[in-house]
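One letter stands for each residue in the lines below.
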Amino acid sequence: MVYPTTFRYTKDDEWVDVKGELGTVGLTHEAQCRLGDIVYLELPAMGAKLEAGKPLGVVESVKAVFEIFSPVSGDVVEVNLELKDAPEKVNSDPHGAGWLIKVRLKDPTETEALMDAAAYEAYATNPEREAKH
Amino acid sequence: MADLTAGKLRQTPLNAVHRALGAKMVDFGGWDMPVEYPSTGGLVAEHKAVRRGVGMFDVSHMGDIRIHGRRTPGGGLAAVEHITMNQASRLEIGQAQYSAMLYPEGAFVDDVIVHRLGSDDFLLVINAGTREKDINWVEENTRDFECTVENLSDSYTQLAIQGPRAADLLQKLTHANLSKIGNYWFTHSKVCGLENILLARTGYTGEDGFEIYIPSDKQTSEEVWAMVMSAGREFEIVPCGLGARNTLRLEAKMSLYGHEISDTINVWEAGLDRFCRMEKGDFIGRASLARAKAKPVARKLVGLEMIDRGIARDGYRCLNQEGELIGVITSGSPSPTLGKNIALAFVPPAESALGTTIYVEIRAMKAQARVVPTPFYKRAKIAETKSTTK
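The shown structure was predicted, so the numbers you read here are calculated from the model rather than taken from an experiment.

It is worth spelling out the overall build of chain B at this point. For chain B, the helix and strand inventory stands at 9 helices and 19 strands. Its C-alpha radius of gyration of 21 Å places chain B within 12% of the 21 Å reference for a compact globule of 390 residues. In terms of principal-axis extent, the alpha carbons of chain B reach across some 65 × 55 × 50 Å. In chain B, which comprises 390 residues, the proportion classed as buried is 49%. Considering only residue pairs separated by 6 or more positions, chain B has 66% of its internal contacts joining residues 24 or more positions apart.

Bringing the interface of chain B and chain A into the picture now. Taken together, the contacts link 13 residues of chain B with 10 residues of chain A. Secondary-structure elements contributing two or more residues to the side of chain B that touches chain A are β2 (31-36), α2 (43-52), α7 (242-251) and β16 (325-335) of chain B. Here the residues of the side of chain B that touches chain A are counted per class, giving 6 nonpolar, 4 polar and 3 charged.

Right, let's talk about the environment of Glu42 of chain A for a bit. Residues and elements named next belong to chain A. Residue position: Glu42 is located in strand β4 (residues 38-42). Here Glu42 falls in the partly exposed class, since 18 other C-beta atoms lie within 10 Å of it. With residues near it in sequence (within four places) discarded, Glu42 still touches Gly57 and Val58.

Before going further, it helps to examine unusual backbone geometry. Note that the residue after Thr374 of chain B, namely Pro375 of chain B, is joined by a cis bond; omega there is 0°. For Asp13 of chain A, which is not a glycine, the phi torsion comes out positive at approximately 70°. Along the polypeptide, Asp13 of chain A turns up in the loop between β1 (8-9) and β2 (14-19). Since 25 C-beta atoms lie within 10 Å of it, Asp13 of chain A is described here as buried. Its identity is not glycine, yet Asn196 of chain B carries a phi of approximately 60°, on the positive side. Mapped onto the secondary structure, Asn196 of chain B falls in strand β11 (residues 194-200).

Residues and elements named next belong to chain A. Taken in spatial order, the 6 strands make up an open sheet running β1-β2-β3-β9-β8-β5, and their pairing is antiparallel. The open sheet has two edge strands with one neighbour each: β1 and β5 (49-50). Where strand β8 (residues 74-79) lies against strand β9 (residues 101-105), 5 bridges are found, and the strand directions are antiparallel. For Asp75, the partnering residue across the bridge sits in β9 and is Arg104.

Residue and element names in this part refer to chain B. One finds Ile161, Leu304 and Ala312 to be the most contacted residues of the largest nonpolar core, which totals 134 residues. With 6 residues, the top contributor of residues to this core is strand β17 (residues 340-347). Ignoring any residue separated from it by four or fewer positions in sequence, one finds Ala312 in contact with Leu304, Met306, Ile329, Gly332, Asn341, Ala343, Val360, Ile362 and Ala369. Ranked by size, the runner-up nonpolar core spans 6 residues in total, among them Ala23, Met25, Met33 and Tyr37.

Our next topic: the packing of α2 of chain B against α7 of chain B. Residues and elements named next belong to chain B. At a minimum axis separation of 8 Å, α2 and α7 run at an interaxial angle of 55°. The angle between the axes of α2 and α7 places the two elements in the oblique class. In this structure, α2 meets α7 at a crossing whose hand is right-handed. Taken together, the residues of α7 that come into contact with α2 (itself represented by Leu43, Glu46, His47 and Val50) are Gly243, Ala244, Thr247 and Leu248. Here the residues of the contact of α2 with α7 are counted per class, giving 4 nonpolar, 3 polar and 1 charged.

Our focus in this paragraph is the pairing of strand β7 (residues 65-69) of chain A. Residue and element names in this part refer to chain A. Where strand β6 (residues 55-61) lies against β7, 5 bridges are found, and the strand directions are antiparallel. What sits directly across from Val58, in β7, is Glu67. Between β6 and β7, which pair antiparallel in sequence order, lie 3 residues.

With that settled, the discussion passes to the environment of Gly26 of chain A. For Gly26 of chain A, the location among the structural elements is in strand β3 (residues 22-27). Along the sequence, Gly26 of chain A and Pro71 of chain A sit 45 residues apart, while their C-alpha atoms lie 9.3 Å from each other.

Turning our eyes to something else, we now look at the pairing of strand β18 (residues 357-362) of chain B. The side chains of a regular strand alternate between the sheet's two faces. All names here are of chain B. As paired elements, strand β15 (residues 317-319) and β18 share 2 bridges and run antiparallel to each other. In the sheet register, Leu319 faces β18, and the bridge partner there is Tyr359. When β18 meets strand β19 (residues 365-372), the two strands line up antiparallel, connected through 6 bridges. Bridging across to β19, Thr357 finds its partner in Arg370. Two successive antiparallel strands, β18 and β19, enclose a turn made up of 2 residues, where Arg363 displays a positive phi of approximately 50°.

Let us now look at the domain arrangement of chain B. Residues and elements named next belong to chain B. Splitting chain B by domain gives domain 1 (15-59 + 155-251), domain 2 (63-151) and domain 3 (296-380). Computed over C-alpha atoms, the centres of domain 1 and domain 2 are 25 Å apart. Taken together, the contact pairs 9 residues of domain 1 with 9 residues of domain 2. Looking at the side of domain 1 that touches domain 2 residue by residue, the classes come out as 6 nonpolar, 3 polar and no charged.

Basis of the calculations
- Residues numbered from 1 in each chain as written.
- Chains lettered and ligands numbered in written order.
- Predicted model: local features only at pLDDT ≥ 70, side-chain atom pairs only at ≥ 80, totals over all residues.
- Helix = DSSP H or I, 4+ residues; strand = E, 2+ residues; numbered from the N terminus.
- Rg over C-alpha atoms; globule rule 2.2 N^0.38 Å.
- Buried ≥ 20, exposed ≤ 12 C-beta atoms within 10 Å, placed from the backbone.
- Contact = placed C-beta atoms within 7 Å.
- Nonpolar A, V, L, I, M, F, W, Y, C, P; charged D, E, K, R; others polar.
- Pairing = 2+ DSSP bridges.
- Core = buried A, V, L, I, M, F, W, Y, C linked by C-beta atoms within 7 Å.
- Axes fitted to C-alpha atoms, helices over the stretch in contact; angles between N-to-C directions.
- Parallel < 35°, antiparallel > 145°, perpendicular 65-115°, else oblique.
- Left-handed = near helix turned anticlockwise from the far one by under 90°.
- Domains from an automatic or database assignment.

As structure tokens, then:
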């Protein structure tokens, strides 16, 4: 499976990897496939307060602009600065080097409502799914 | 009566081919069209293939209208002259021109390529999104002429084979001597074993290339597609989607209906003066354009290059130094060839000089941009030296 089993996933194609109080957030392989060549990311600043389900930033591919929604609530403690000059890392390694931000979680149990890898894969690859990206 | 086809996307005869190639499909003006083929590497790879080698686009969604004279000779020509702004009488048989159909107000019904098939016989290639509107417009406005109007839109599968290697590739598949066909000229020849195929040195990429019009049955369409792909292997041909088509045409500053031209933008504003022959005699839109010409234009189409990070997109607002709203972006994208973010925008003439700083409202940011010369990309003039000259 292309989707790491330790991650949790949203319907908007974000993932979160929770380790204790810290959550790493990124875009899924499915998201990068739908987007195509990613050329620009607008990410929150360090210390920004995020709310689950609310916009956290913007990703742009050559052809379009999409909003990124936060899978979790909390404070941004780290931003992947390497993406500033190499946004294509989200295409090449969406679940690894293409991570977006790290968040100090307000409530680590919040992610239980999100999909696990198997559920997300079924959701992402469902042809009936409305084309969002 | 309920329209049973409502909501159902139209497909070109090559739809199954695109799907088999794993193309990402989108609804483009009611058509189910490939936007990019991830198997090629995607939009940017397709774009670069056309700039460096060759790519093939299925553009069968484009429409085709034939207008030809009836009993009185000249009825077809007179009709085309009446409904288009360029001068069709200047065309030789086998030559094509960029033109447009205008409303009486001088704004655009659509832009078209007019091909002169015979002395009184023309083929107008029109946009997909405006097909029905265009055909109705042509029929209504040619009634007083001794001509026959035929909607051939569903008769052709139209393939655009584009790039510096397009001629080398196509020469393998046709008897026509392509070195004798200049830019915006065409011929009818045997192509891929099919007789009498319209083959035109035209395109929408700013690159050398050809468009071929083959019978639209599924089997023939699929066979020709496969033959071109196979013959193109040595040139590393890739299938290209509408995504690359858009970035290619934007770099070449070719207008897109609904963006740089529309039913509210006139010819002078769009900067298409050189394709509008006011001196040819009357045509629909001429009187309004003549009146408009007496006054300075309210807005001009300019090219922008982003200085700050950020991509200007269609519909974003343009501001001056003082933060006042001065215009709007019509198209914008990263330019794969230039490695910069580029855009076209309508701004007042006072803000249109090269080097002028303009700010583009991108979400919460005001991103700095600069007015630059257009087209953003111009190919080296190799194909032109081969042009057939009068």
